[in-house]
Amino acid sequence: MSDGQSSAASKGDPKLPSHIPLGVPTPARMYDEALGGKDHFAVDRTAVAKLYEVVGEEVARSTAMSNRHFLGRVVKFLAKECGIRQFIDVGSGLPTVRNTHEIAQEADPDSKVVYVDVDPIVAVHGRALLSGGNTRIVTADMREPETILNNPLTLELIDFDQPVAVLFIAVFHFISRADDPARIVAAFRERQAPGSYLAISHLTTEDMPQKIQDGWSAAFANSTSPMVFRDKEEVREIFAGYRLVDPGLVRLHEWRPDGESSLKTASVFGGVGQVDTP
Ligand SMILES: C[S@@+](CC[C@H](N)C(=O)[O-])C[C@H]1O[C@@H](n2cnc3c(N)ncnc32)[C@H](O)[C@@H]1O
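The following paragraphs examine the structure supplied in this document. Remember, it's a predicted structure, so these values are computed and weren't measured experimentally.

Observations concerning the environment of Val 59
Tracing the sequence through the fold places Val 59 in helix α4 (residues 57-81). Taking C-alpha positions, Val 59 is 20 Å from Pro 226, a pair spaced 167 residues apart along the chain.

Focus: the site of the ligand
Near the ligand lie 20 residues; those nearest to it are Tyr 31, Arg 68, Gly 91, Asp 117 and Ile 169. At a separation of 2.7 Å, a nitrogen atom of the ligand approaches a polar backbone atom of Gly 91. Here a nitrogen atom of the ligand sits 2.9 Å away from a polar atom, N or O, in the main chain of Met 142. Contact with the protein chains hides 97% of the accessible area of the ligand, taken as 600 Å² for the molecule alone. Because more than half of its atoms lie within 2 Å of the grid, the ligand is assigned to the largest pocket. Contributing elements (two or more residues each) for the shell around the ligand: α2 (27-34) and α4. Taken together, the residues that form the shell around the ligand break down as 10 nonpolar, five polar and five charged.

Comments concerning the packing of helix α3 (residues 42-55) against helix α10 (residues 210-221)
The N-to-C vectors of α3 and α10 enclose an angle of 175 degrees; their axes lie 8 Å apart at closest approach. When the axes of α3 and α10 are compared, the pair comes out roughly antiparallel. From α3, Ala 47, Lys 50, Leu 51, Val 54 and Val 55 reach across to α10, where they touch Lys 211, Ile 212, Gly 215, Trp 216, Ala 218 and Ala 219. Taken together, the residues of the contact of α3 with α10 break down into eight nonpolar, one polar and two charged.

Quick look at the packing of aromatic side chains
One pass over the full model with this rule turns up six aromatic pairs. On the numbers, 5.6 Å between centres and 80 degrees between planes, the contact of Phe 70 with Trp 255 is edge-to-face. Note that Phe 70 is positioned in helix α4 and Trp 255 in the loop between β7 (250-251) and β8 (268-275), a separation of 185 residues in sequence. In this pair, the class of Phe 70 matches that of Trp 255, namely buried. On the basis of an interplanar angle of 85 degrees and a centroid distance of 5.5 Å, the ring pair of Phe 77 and Trp 255 is categorised as edge-to-face.

A short note on helix α5 (residues 100-107)
All of the buried residues in α5 are Thr 100, His 101, Ile 103 and Ala 104. All buried residues of α5 project into a common sector of 165 degrees when viewed along the axis, lining one side. In this structure, the buried side of α5 is in contact with α4, β1 (86-90), β2 (112-117), α6 (120-130), β3 (135-139) and β4 (165-169).

What to know about α4
If you check α4, its first and last C-alpha atoms are 35 Å apart, about what 25 residues at 1.5 Å a residue would give, namely 36 Å. Positive backbone phi, approximately 70 degrees, marks Gly 83, located one or two places after α4.

Thoughts on the pairing of β8
Of all eight residues in β8, eight are buried; the element is thus mostly enclosed. As defined by bridge partners, strand β6 (residues 242-244) adjoins β8 across three bridges and the pair is classed as antiparallel. In the sheet register, Leu 244 faces β8, and the bridge partner there is Gly 273. As paired strands, β7 and β8 are joined by two bridges and run antiparallel to one another. If you follow Arg 251 over to β8, its bridge partner there is Phe 269.

Section: empty space enclosed by the protein
Tallying each qualifying case throughout the model produces one cavity of 30 Å³ or more. As a volume, the largest cavity reaches approximately 40 Å³. Around the largest cavity, the lining residues are Ala 28, Tyr 31, Asp 32, Leu 35, Ser 92, Gly 93, Leu 94 and Thr 96. When the residues that make up the lining of the largest cavity are grouped by side-chain class, the tally is four nonpolar, three polar and one charged.

A look at the layout of surface pockets
Considered as a void within the structure, the largest pocket measures approximately 920 Å³ in volume. Forming the boundary of the largest pocket are 46 residues, of which Pro 27, Ala 28, Ala 170, Val 171 and Phe 174 lie nearest the centre. Only α2, α3, α4, β1, β2 and α10 provide two or more residues apiece to the lining of the largest pocket. The element that contributes the greatest number of residues to the lining of the largest pocket is α4, accounting for six residues. Classifying every residue of the lining of the largest pocket by side-chain character gives 29 nonpolar, 10 polar and seven charged.

Observations concerning the nonpolar core
Core analysis: the biggest nonpolar cluster contains 45 residues, and Val 74, Leu 78, Phe 87, Leu 167, Trp 216, Trp 255 and Val 272 have the highest contact counts within it. The element that contributes the greatest number of residues to this core is α4, accounting for nine residues. The contact partners of Leu 78, leaving out residues within four places of it in the chain, are Gly 83, Ile 84, Phe 87, Ala 165, Leu 167, Tyr 197 and Val 272. Core analysis: the next-biggest nonpolar cluster, separate from the first, contains 31 residues, Val 90, Ile 184, Val 185 and Ile 238 among them.

Calculation criteria
Residues numbered from 1 in each chain as written. Predicted model: local features only at pLDDT ≥ 70, side-chain atom pairs only at ≥ 80, totals over all residues. Heavy atoms only, no water. Helix = DSSP H or I, 4+ residues; strand = E, 2+ residues; numbered from the N terminus. Near = heavy atom within 4 Å. Polar contact = N/O pair within 3.5 Å; in protein donor to acceptor, adjacent residues only side chain to side chain. Areas by Shrake-Rupley, 256 points an atom, 1.4 Å probe, with all protein chains shown as cover. 1 Å grid on protein atoms, 1.4 Å probe; cavity = no way out; pocket = protein on both sides within 12 Å on 5 of 7 lines; lining within 4 Å. Sits in = over half its atoms within 2 Å of the grid points. Nonpolar A, V, L, I, M, F, W, Y, C, P; charged D, E, K, R; others polar. Axes fitted to C-alpha atoms, helices over the stretch in contact; angles between N-to-C directions. Parallel < 35°, antiparallel > 145°, perpendicular 65-115°, else oblique. Contact = heavy atoms within 4.5 Å. Phe/Tyr/Trp six-rings, centres within 6.5 Å; stacked < 30°, edge-to-face > 60°. Buried < 20%, exposed > 50% of the residue type's maximum accessible area, 1.4 Å probe, protein only. Arc of directions from axis to C-beta. Expected span 1.5 Å × (residues − 1). Pairing = 2+ DSSP bridges. Points joined across faces, edges and corners; volume = space filled by probe spheres on them. Core = buried A, V, L, I, M, F, W, Y, C linked by side-chain atoms within 4.5 Å.

Here's what the structure looks like:
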């Protein structure tokens, strides 16, 4: 958002619901800033600036973009090569270029996509672009997976007797060890039909100097979701019950590169697994 909108917001913009946290940075709005979007406030820019100081603006922005490209390649792969027609995109973020439903519906206009995010601003800004027809937006906290799985909007669109891909792209590093990403994934896996998929990307400690890790932590420390680091093995453990498809859990730019989107990221890993049916 422009500074004008930002100050209007902090005075209580009547267009924004009162439960939107305006005085605290949120990951959805910080990510929007890093991707060059417009749906963020001064408080988010200040938080991201801390990250740029330590990590470097170019590196931070290209990490965000590389993650976005990874999401695009994953959805394309699932839609075109695996025949997936239903997606639940958890922690979907604000609408930006190449949203999940746009890619999925290129393969089949009937593809269904449920977007889920804890940040209510995603629904406010996303309603026009992301909702209606074969898409829905659910405002829910993934730490309570049943509120997503049993949400009437989810059930309106998703047939759990058919394969469904669940996407957790750049979200589990906002989930504490106590809240346990594997428990969250297990709740989805129990509902997924054979042939379903899971996709994850995660900022890890691999090849990450302590100073850079501290930079990421400081940037998110005062946000609604402080950052939680895991190593690559811990991320692999979240795939329990799924069989990783080639090339496994790898650096994002190494995951089925298509030549167009191979921005390098040292420490963010991603992978796709298929429900392992005995
Ligand atoms: C870095 S953005 C990733 C957006 C998108 N998945 C992508 O990769 O382009 C992280 C998103 O996760 C959301 N998020 C964080 N904690 C969450 C929670 N407990 N439940 C649902 N969404 C959450 C944030 O609001 C934010 O939109």
